[in-house]
Amino acid sequence: MKIPDNEMQELFNWSTVELERIEKEYPYIPGVLDGRGVVEQKLHFKEYNKRLAALKEKYENEPAEPVTKARIFNQTLKPTGT
């Protein structure tokens, strides 16, 4: 299973924007353990995990892209198997 890079990038971008929004709207207050910002972050990570699980499920049965072995120039001159 391989989730495409563009899908992971979209999830990352969404997460980054949301966390920045939470930091702006609910700045950290020293001494407050579970302020509104902490609650919002917990909700954000629940949503993030839900979206990641959906992507994993979506691409679960798709075969991974074949892996090609890198070869140096001298290896390309020799026939494989020797």
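The rules behind each value
Residues numbered from 1 in each chain as written. Predicted model: local features only at pLDDT ≥ 70, side-chain atom pairs only at ≥ 80, totals over all residues. Heavy atoms only, no water. Helix = DSSP H or I, 4+ residues; strand = E, 2+ residues; numbered from the N terminus. Contact = heavy atoms within 4.5 Å. Areas by Shrake-Rupley, 256 points an atom, 1.4 Å probe, with all protein chains shown as cover. Core = buried A, V, L, I, M, F, W, Y, C linked by side-chain atoms within 4.5 Å. Buried < 20%, exposed > 50% of the residue type's maximum accessible area, 1.4 Å probe, protein only. Expected span 1.5 Å × (residues − 1). Salt bridge = Lys/Arg side-chain N within 4 Å of Asp/Glu carboxyl O.

What follows concerns the overall build of the protein chain. Assigned secondary structure in the protein chain consists of three helices and zero strands. Of the contacts formed within the protein chain by residues at least 6 apart in sequence, a portion of 71% connects residues at least 24 apart. Summing over all exposed atoms, the protein chain offers an accessible surface of approximately 7,200 Å²; the carbon and sulfur share of this is 57%.

Time to look at the nonpolar core. In terms of nonpolar packing, the biggest core is built from five residues, these being Ile 3, Leu 11, Leu 52, Leu 55 and Tyr 59. Excluding residues within four positions of it along the chain, Leu 55 makes contact with Ile 3, Glu 7, Met 8 and Leu 11.

Another aspect to go through is helix H2 (residues 36–58). Under the 1.5 Å per step criterion, the end-to-end length of H2 is 33 Å for 23 residues, consistent within 8% with the ideal 33 Å. Of the surrounding secondary structure, the elements contacted by the buried residues of H2 are helix H1 (5–25).

Throughout the structure, instances matching the rule amount to seven salt bridges. Notably, a salt bridge pairs Glu 47 with Arg 51, separated by 2.9 Å at the nearest N-O pair. On the criterion of helical spacing, the pair formed by Glu 47 and Arg 51 is a turn pair, its members being four residues apart in helix H2. Members of the salt-bridge network, linked through shared partners, are Glu 18, Arg 21 and Glu 25.

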